[in-house]
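Observations on the three-dimensional arrangement
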Amino acid sequence: MIIATRQAHRAGTLSAIEVLHLQKNYGDIIAVDQLSFSIPRGKTYALLGGNGAGKTTTLSMMLGLLLPTSGTIRILGIDMIKDRFKALPRMNFTSPYVDIPHRLTVEQNLRVYGGLYGLKNVKRRITVLAEEYHLTPLLKRRYGSLSQGQKTRVSLAKSLLNEPEILLMDEPTAALDPYTADQVRTALKAYQERLGATILLASHNMQEVERLCEKVLMMKKGRLVDQGSPAELITRYGEQNLEDVFIQIAKGTELPQ
Amino acid sequence: MSASSFWSSPRRIGAMIMRYRFLMMASWPRLLELAYWPTIQMILWGLINRFMVTQSDWMAQSAGLLIAAALLWDVLYRAQLGVSLVFFEEMYARNLGNLFVSPLRPYELALSLLTISLLRTLFGVGVAAGLAIGLYHYSIFDMGLPLIALFINLLIMGWAIGLMIVAMVLRFGLGMEGFAWAVIFAFAPLSGVYYPISILPEWLQPVAQLLPSSHVFEGMRLIMNEHVFSITHVIAAAERNVVFMIIALSLYSFAFYSARQRGLLLQMGE
């Protein structure tokens, strides 16, 4: 059975991420409502929605930080609710809203996280990532002394330490200037293509989504209200760009017949 | 379990200890704090001890009684603080989200907290014990091997209380932080640190007997006053420590489960 599953994975016949009837209630409040989607291996998808749409709640449940009220999440074929520690070494996460210890240097932080992911040659991996993300001059500096943009790059490097097969990202280029954001997107794209990684990103940056993502999952009030490639959504809603589609959905405009 | 997965757990615990070592190296006030309070305690209780020996026949029987009591009390206090303060560092840093999206298991976090607590306790109490030798010519190590049994029992009780505080902070947030500093002092009167349990009101003595620490300090006085090592007190303390640890680990596990139910791990911070 295990061998068959691995073969299916290699052949790309199994989804990297499968979410089925996911529900999260906080008392009477429904944060995520019967959410179902799947992401094939090696694809980059975006989770879009306004504030309070349930994006971060969904990501938290996928990471095992939050227990769903009901539903299932399978990542790389592993049940995240029962067996998340089998999947976590093959995943990673980055968010500008989750901090990294300020008093440690960038290198010290990366060494600690490298240890947590059980990397055998942490120093070499740090050197490679520092070059890719232009962090070499920052390695000996305290994380707390960095600018917001530099911190975001360190956070990204942290999320790639273990060369994850699954990368979950919450606004990966928030606080970056356009040039640095572009560099980061290029590096992410290269990473994804090199390792065939599967990426799910929550973002408010529609240009980023259009550039990086094959498919967009639109959320509103905890529900999946639409999905499709950026081009499909733009056509379907009769708009010029994804940002206008986002605004239409946020306003609650009915899909044109 | 494969060989690599067997070793990955100690590696993750090692990474957490390394994280704490980096933090201490980067902050001299934190290093100073480790030795500051044990030193002040030692100077204060050493002087009180010196005075009391001249005033009391009971105290005169064993010259270092108060110094030994102060040192052993500090083992309990340091062990508890070591667990809770190191956990708070992760909350101040808003780092719990990053830790728990990594393969770090909650039990590995607990084991790293206990290991760091042991190292902090050995350092802080070691400095104070050295001072006692230098200033008052009293060496707690004269107690010999029984000291190890007393030390381990106090360490485990401190760890258990520390884990209970971690559980409460996970459940109720950093508002419980002040509790971490104060909670141990609720155990002091009942532990009979500086006096025998027999002077407590009769109705309170059975309550005191429920604490591992009361048996440790009774045992300490027997060693110092009568040169008798009471294995009965050590076993009684160990039995109570088993109960304390079971309660602590249950609360810790429940607090993690509750934090995952309520989505607190990603949000926790100041």
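Small disclaimer: the values here were computed from a predicted structure and weren't measured.

1. Re the packing of helix α11 (residues 212-226) of chain B against helix α12 (residues 231-262) of chain B
All names here are of chain B. It is the contact of α11 with α12, at a shortest axis distance of 8 Å, that shows an interaxial angle of 160°. The orientation of α11 with respect to α12, classified from their angle, is roughly antiparallel. Our pair here, α11 against α12, has a crossing hand that is left-handed. Contact with α11, carried on its side by P212, H215, V216, E218 and G219, involves H233, V234, A236, A237, R240, N241 and F244 of α12 and no other residues of that element. Grouping the constituent residues of the contact of α11 with α12 by class yields six nonpolar, four polar and two charged.

2. Overview of the interface of chain A and chain B
Taken together, the contact pairs 25 residues of chain A with 27 residues of chain B. For the side of chain A that touches chain B, the secondary structure elements donating two or more residues are α2 (55-63) and α4 (106-116) of chain A. No other element matches the six residues that α4 of chain A contributes to the side of chain A that touches chain B. Its residues placed into classes, the side of chain A that touches chain B shows 16 nonpolar, six polar and three charged.

3. So, the pairing of strand β4 (residues 70-75) of chain A
All names here are of chain A. With five bridges joining them, strand β1 (residues 15-26) and β4 adopt antiparallel strand pairing. Looking at the pairing, V19 lines up with I73 of β4. When β4 meets strand β5 (residues 78-79), the two strands line up antiparallel, connected through two bridges. Within the sheet, the bridge partner assigned to R74 lies in β5 and is D79. Two successive antiparallel strands, β4 and β5, enclose a turn made up of two residues, where L76 displays a positive phi of approximately 55°.

4. Some details on unusual backbone geometry
Not every positive phi belongs to a glycine, and H21 of chain A is a case in point at roughly 50°. If you trace the backbone, H21 of chain A turns up in strand β1.

Thresholds, definitions, all that
Residues numbered from 1 in each chain as written. Chains lettered and ligands numbered in written order. Predicted model: local features only at pLDDT ≥ 70, side-chain atom pairs only at ≥ 80, totals over all residues. Axes fitted to C-alpha atoms, helices over the stretch in contact; angles between N-to-C directions. Helix = DSSP H or I, 4+ residues; strand = E, 2+ residues; numbered from the N terminus. Parallel < 35°, antiparallel > 145°, perpendicular 65-115°, else oblique. Left-handed = near helix turned anticlockwise from the far one by under 90°. Contact = placed C-beta atoms within 7 Å. Nonpolar A, V, L, I, M, F, W, Y, C, P; charged D, E, K, R; others polar. Pairing = 2+ DSSP bridges.

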